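# Chains, contacts and geometry: an overview
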Amino acid sequence: QAQLVESGGGLVEAGGSLRLSCAASRPSFSTYAKGWFRQAPGKEREFVAEISGSAASTSYADSVKGRFTISRDNAKNTVYLQMNSLKPEDTGVYYCAANYYYPRGRRESDYDYWGQGIQVTVSS
């Protein structure tokens, strides 16, 4: 049974917006730190954004800063990624990840739990 399930991906034109959601099935995940990563075709998976369990701290990759916003609703055990002003280079598979503590390291290895990923395609 998947513990993290992403939704909200799809095809959008450049300049458009999408909102990704990641719902957690394990109740304890409601206070875990959460991160979003993405993997473009032929490239390694890279950090996008992360948020602490209380939402007091957030961090973004330079490439998305000012365009993407990570947020969470702990009552719904869900984390979101609002993506605005999308560019073709934002295309890829987006993954949600969870970790007991807020790692601040922006590394894949900091996260213990992963969703299966969802495709985001931005057309030019």
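Residues numbered from 1 in each chain as written. Predicted model: local features only at pLDDT ≥ 70, side-chain atom pairs only at ≥ 80, totals over all residues. Heavy atoms only, no water.

Its location among the elements puts Thr-78 in strand β8 (residues 78-83). On the accessibility criterion, Thr-78 (11% relative accessible area) is buried. Within polar-contact distance, the side chain of Thr-78 engages the backbone oxygen of Lys-76 at 2.9 Å. Discounting residues that sit within four places of it in the chain, Thr-78 has contacts with Ser-21, Cys-22, Ala-23, Arg-72 and Asp-73. (Helix = DSSP H or I, 4+ residues; strand = E, 2+ residues; numbered from the N terminus. Buried < 20%, exposed > 50% of the residue type's maximum accessible area, 1.4 Å probe, protein only. Polar contact = N/O pair within 3.5 Å; in protein donor to acceptor, adjacent residues only side chain to side chain. Contact = heavy atoms within 4.5 Å.)

This part covers the state of the cysteines. In total, this model carries one disulfide according to the counting rule given. Residue pairing for Cys-22: its cysteine sulfur links by disulfide to Cys-96, the two sulfurs lying 2.1 Å apart. Between Cys-22 and Cys-96, the disulfide has an S-S torsion of -80 degrees and is therefore left-handed. Here Cys-22 is found in strand β3 (residues 18-24), whereas its partner Cys-96 is found in strand β9 (residues 92-99), with 74 residues between them in sequence. The burial state of Cys-22 is the same as that of Cys-96; both residues are buried. (Disulfide = S-S within 2.5 Å.)

Within a beta sheet, neighbouring strands are joined by backbone hydrogen bonds and run either parallel or antiparallel to one another. If you walk across this open sheet you meet the four strands as β1-β3-β8-β7, and the pairing is antiparallel. Because the sheet does not close on itself, it has two edges, and the strands there are β1 (4-7) and β7 (68-73). Averaged over all neighbouring strand pairs, the angle between strand axes comes to 15 degrees, with direction disregarded. One ladder, built from six bridges, connects β3 with β8; its direction is antiparallel. The residue of β8 that forms the bridge with Ser-21 is Tyr-80. (Pairing = 2+ DSSP bridges. Axes fitted to C-alpha atoms, helices over the stretch in contact; angles between N-to-C directions.)

Our focus in this paragraph is the packing of aromatic side chains. Taken as a whole and assessed by the stated rule, the structure comprises eight aromatic pairs. With a centroid separation of 4.8 Å and 40 degrees between ring planes, the pair formed by Phe-29 and Tyr-32 is classed as tilted. Phe-29 gets classed as buried once you look at its relative accessible area, which sits at 0%. Taken together, a centroid distance of 4.8 Å and an interplanar angle of 55 degrees make the contact between Phe-29 and Tyr-113 tilted. Here Phe-29 is found in the loop between β3 and β4 (33-39), whereas its partner Tyr-113 is found in strand β10 (residues 113-114), with 84 residues between them in sequence. Grouping aromatic residues by their ring pairs yields a cluster made of Phe-29, Tyr-32, Tyr-100 and Tyr-113. (Phe/Tyr/Trp six-rings, centres within 6.5 Å; stacked < 30°, edge-to-face > 60°.)

Any link to function would need more than the numbers given here.
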